[in-house]
Amino acid sequence: MPSRANLASVWALMRKATNEVVRVPGAAIPGILAPTIFMLGLTSVFGKLTLLPGFATDEYMTFILPVSLMQGAGFTGAATGVNLARDIELGWFDRLILAPPPRWVLLTGTVLSASLRALMPITVLLIVGFAFGVNFPGVGGLALAVLLSCAFAATAASWGVMLALRFKTQSAAPLMQAGIFMAVLFTASYAPLELLTGWLHDVAEINPVTQIIDAVRQGFIGNVTWGDTLPGLAALAGLLGLLYGLALRGLHRVGA
Amino acid sequence: MSGLAADLRVIAALGRRAVNQAFRRPQFLAPIVVFPTLFLAVNTGGAGRAIDLPSFPHVHGFLDFQLAGSMVQSTMLAGVSAGISLALDIEIGFIDRLIAAPVRRSVIVLGRLVATMVLGALSALWFLTVGLIFGAHIQGGVPGFLLVVLLVALCAAAFGSVGAALALKSGKASVVQGIFPLVFVVLFLSSAYFPRDLLLQPAETIAQWNPMSFIAEGIREPIAFGMDTGHTLKALLGIGIVGAIGAALSSWALRARLRSG
């Protein structure tokens, strides 16, 4: 059971991460800009794919927006790993690890800060998407999309933290970002699963992030159902549990 | 030793240093190779059925069509990476020491551009090899293969000059890094990834005038359709436009930097 002091430590770490955004707002811009550009750009380029028989919607941006939400949340999470690597390089992490809170508290505060920060790209993407005519998924669908995206940011942050603790250098940043890139895009991201070709179809079928994207996407292209929601929640819980566990193991090994 | 020979030696030394730098730091190589390759994989598998669209040009496969886009993306990112490296050299004072050395100032930038050109050629070889392994056909045969490598190398140098101009003007790696997203704006508003006629508006109209479309189509032609002088000349025109802008801006930024001391 987390004590009041532990919760206060988690909150302090989340506030530290949000302070960085407030004090260096320019640093947050690429994380917001990149998924927005991808959403608008991919719609411009691949928009006519909706003419293919079997496409789930006739508005490509409606189809791609959930992918951009995951991308924005994922890259925000990966940035948490890069920031931790920077803190390790600068020596701030050494001081943090000597602090009284248990290590799971330090990790929880760090990964939850990613969920909080992910609200920025998520909000911008939704505003831009709705401005360009994306279908409104209903209050329930919207809440589910935001919740799953924020939880995915925590998952990506666990991945980033795990790598930061392993490599202890910002040079590992491309690995953190490439992992998220593959996890999100090696799914039914550009087209429904049955329209994917070659190896991508096979990879997307077994990639758990496909289930998460389907759960985020359902409200935008149809109705929210338990049948689409539960596999997404299960996949997300499994991924988060696994990566959080690995990151925590890495954290326990520091100084051991 | 003549002045020209001395300049060439300095260019070669600086170029070799820059290529080594790229291979030693994964954060410089990843944007040139890793991300465009991943993007190629996703585009090909995700949008591969696009060749079934009624007005899609007849090609052997979508991979053949996509290779040019990936190479152009790689060269643009190579240009930005070159700019970041140059800016880092400015930040650590390396460029100041070169300026104080008895070498022509333009040689400092040319060394970096030669390295970017080499990285561009290596990137072309990488993508063509990956393409051939995964079943792409090069309709232009060996001459087409060589033409693609040449065009991609020149394209990398042209974008390297734009990156160098940004680095010389700002002197900060973070500023040059900030233009990464703009690379994708330029790419998405061109025919790098999809035929012009199948883009949505306003991208379709902008792509008609975007030099990137000329370059991408010139690189694509020998791969997907066969040798065509018209497309090659248009690609060279596009590269010339980008290179001329980059060279003019670099020259102006270098002069401004020297004036400000």
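Fair warning: this is a prediction, and the values are worked out from it, not measured in the lab.

Novice: Even after reading the chapter, I still don't get the overall build of chain A, so can you show me in this structure?
Specialist: Within chain A, the secondary structure is distributed over ten helices and zero strands. Listed by position from the N terminus, the elements making up chain A come as α-α-α-α-α-α-α-α-α-α. A globule of 256 residues ought to have a C-alpha radius of gyration of about 18 Å, and chain A, at 18 Å, matches this closely. Dimensions of chain A, computed from C-alpha atoms along their principal axes, come out at roughly 60 × 35 × 35 Å.

Novice: Help me understand the overall build of chain B, please; the structure alone is not making it clear to me.
Specialist: Looking only at helices and strands, one finds eleven helices and zero strands in chain B. Reading the secondary structure of chain B in the N-to-C direction produces α-α-α-α-α-α-α-α-α-α-α. Relative to a compact globule of 261 residues, whose C-alpha radius of gyration would be 18 Å, chain B shows 19 Å and is just as compact. Considering only C-alpha atoms, chain B reaches an extent of 60 × 40 × 35 Å along its principal axes. When contacts within chain B are restricted to residue pairs at least 6 apart in sequence, long-range pairs at least 24 apart make up 77% of them. Of the roughly 10800 Å² of accessible surface on chain B, a fraction of 68% belongs to carbon and sulfur atoms. Each charge class in chain B was averaged separately, 18 positive and 11 negative side chains, and the resulting centres sit 17 Å apart.

Novice: Even after reading the chapter, I still don't get the pattern of salt bridges, so can you show me in this structure?
Specialist: Once their charged atoms are close, side chains differing in charge can pair, the charge on each being opposite to the other. Residues and elements named next belong to chain A. Inspection of the entire model under this criterion finds six salt bridges over all chains. Here Lys16 and Asp87 are joined by a salt bridge, their closest N and O atoms 3.5 Å apart. Here Lys16, found in helix α1 (residues 4–23), pairs with Asp87, found in helix α3 (residues 60–90); they are 71 residues apart in sequence, far enough to count as distant. Judged by its relative accessible area of 26%, Lys16 falls in the partly exposed class. Here Asp87 falls in the buried class, since its relative accessible area comes to 10%. Note that Asp87 is salt-bridged to Arg86, the shortest N-O span being 3.3 Å. Here Arg86 falls in the partly exposed class, since its relative accessible area comes to 26%. Linked by salt bridges that have partners in common, Lys16, Arg86 and Asp87 make up one network.

Novice: Help me understand the interface of chain B and chain A, please; the structure alone is not making it clear to me.
Specialist: By a frequent convention, interface size equals the accessible area lost on bringing the separate parts together. Between chain B and chain A, the contact holds 31 residues from the first and 31 residues from the second. For the pair chain B and chain A, the summed buried area comes to about 2800 Å², and 79% of that belongs to carbon and sulfur atoms. Counting across the chain B and chain A interface gives zero salt bridges. Listed by contribution, the elements that provide at least two residues to the side of chain B that touches chain A are α2 (26–46) and α8 (180–188) of chain B.

Novice: I would appreciate a short explanation of unusual backbone geometry in the present structure.
Specialist: Leaving glycine aside, a negative phi is the common case for residues, and trans is the common case for peptide bonds. With omega at 5 degrees, the peptide bond leading from B:Gln201 into B:Pro202 counts as cis. Within the secondary structure layout, B:Pro202 lies in the loop between α8 and α9 (203–209). Even without a glycine there, the phi angle at A:Lys168 is positive, about 55 degrees. Tracing the backbone through its elements, the reader meets A:Lys168 in the loop between α6 (138–167) and α7 (173–185).

Novice: Looking at this structure, how should I read the environment of B:Leu199?
Specialist: Secondary-structure assignment places B:Leu199 in the loop between α8 and α9. When its relative accessible area of 1% is taken as the criterion, B:Leu199 is described as buried. With 77 residues separating them along the chain, B:Leu199 and B:Leu122 place their C-alpha atoms 30 Å apart. Apart from residues lying up to four places away in sequence, B:Leu199 is in contact with A:Ser44, A:Val45, A:Lys48, B:Ser190, B:Phe194, B:Glu204 and B:Ala207.

Novice: Where do I start with the environment of A:Pro53 in this structure?
Specialist: Residues and elements named next belong to chain A. Relative to the assigned elements, Pro53 resides in the loop between α2 (25–46) and α3. A relative accessible area of 69% places Pro53 in the exposed class. Remark: the alpha-carbon pair of Pro53 and Leu125, spanning 72 residues in sequence, is separated by 28 Å.

Novice: Would you mind going over the packing of aromatic side chains with me for this structure?
Specialist: Each pair of aromatic rings is reported with the distance of its centres and the angle of its planes. Counted by the stated rule, this structure contains 21 aromatic pairs over all chains. Relative to B:Phe62, the ring of B:Phe56 lies with its centre 5.9 Å away and its plane at 55 degrees, an arrangement referred to as tilted. In this pair, the class of B:Phe56 matches that of B:Phe62, namely buried. Note that A:Lys16 overlies the ring of A:Trp92, its terminal NZ or CZ placed 4.5 Å from the centroid. In this arrangement the basic side chain of B:Arg17 is found over the ring face of B:Phe94, its NZ or CZ atom lying 3.9 Å from the centre.

Novice: Just to check I follow, could you spell out helix α10 (residues 226–253) of chain A for this structure?
Specialist: Three- or four-residue spacings in an α-helix give side chains the same orientation, since the helix completes a turn every 3.6 residues. Residue and element names in this part refer to chain A. For α10, which comprises 28 residues, the first-to-last C-alpha distance of 40 Å matches the rise-based estimate of 40 Å (1.5 Å per residue) to within 8%. Within the span of α10, buried status applies to Thr229, Gly232, Ala235, Leu236, Leu239, Leu243, Ala247, Leu248 and Leu251. Contacts from the buried residues of α10 go to α4 (92–97), α5 (103–131), α6 and α9 (208–221). A positive phi of about 75 degrees marks Gly255, the residue just after α10.

Novice: Would you take a moment to explain the confidence of the model for chain B for this structure?
Specialist: In low-pLDDT regions, the fine details of the predicted coordinates are not to be read closely. Residue and element names in this part refer to chain B. Summary statistics for chain B give a mean pLDDT of 88 and a share of 98% for residues scoring 70 or more. Mean pLDDT across the elements of chain B bottoms out in helix α7 (residues 173–177) (77) and peaks in helix α10 (residues 211–225) (93). Two summary scores accompany this predicted model of the complex, namely pTM at 0.85 and ipTM at 0.82.

Novice: Looking at this model, I keep getting lost on the environment of B:Pro57. Mind explaining?
Specialist: Residue and element names in this part refer to chain B. Locating Pro57 in the fold gives a position in the loop between α2 and α3 (62–91). Judged by relative accessible area, which is 27%, Pro57 ranks as partly exposed. Sequence separation between Pro57 and Ala224 is 167 residues, and the spatial gap between their C-alpha atoms is 9.8 Å.

Novice: Teacher, can you tell me more about the side chain of B:Gln21 here?
Specialist: All names here are of chain B. Relative to the elements of secondary structure, Gln21 occurs in helix α1 (residues 3–24). Residue Gln21 is classed as buried on the basis of its relative accessible area of 15%. Only 3.3 Å separates the side chain of Gln21 from the side chain of Arg112, close enough to count as a polar contact. Excluding residues that lie within four positions of it along the chain, Gln21 makes contacts with Phe28, Ser85, Asp89 and Arg112.

Cut-offs used in this document
- Residues numbered from 1 in each chain as written.
- Chains lettered and ligands numbered in written order.
- Predicted model: local features only at pLDDT ≥ 70, side-chain atom pairs only at ≥ 80, totals over all residues.
- Heavy atoms only, no water.
- Helix = DSSP H or I, 4+ residues; strand = E, 2+ residues; numbered from the N terminus.
- Rg over C-alpha atoms; globule rule 2.2 N^0.38 Å.
- Contact = heavy atoms within 4.5 Å.
- Areas by Shrake-Rupley, 256 points an atom, 1.4 Å probe, with all protein chains shown as cover.
- Lys, Arg positive; Asp, Glu negative; His and termini not counted.
- Charge placed at Lys NZ, Arg CZ, Asp CG, Glu CD.
- Salt bridge = Lys/Arg side-chain N within 4 Å of Asp/Glu carboxyl O.
- Buried < 20%, exposed > 50% of the residue type's maximum accessible area, 1.4 Å probe, protein only.
- Buried area = accessible area lost by both parts, 1.4 Å probe.
- Phe/Tyr/Trp six-rings, centres within 6.5 Å; stacked < 30°, edge-to-face > 60°.
- Lys NZ or Arg CZ within 6 Å of the ring centre and 35° of its normal.
- Expected span 1.5 Å × (residues − 1).
- pLDDT = per-residue confidence, 0-100.
- Polar contact = N/O pair within 3.5 Å; in protein donor to acceptor, adjacent residues only side chain to side chain.

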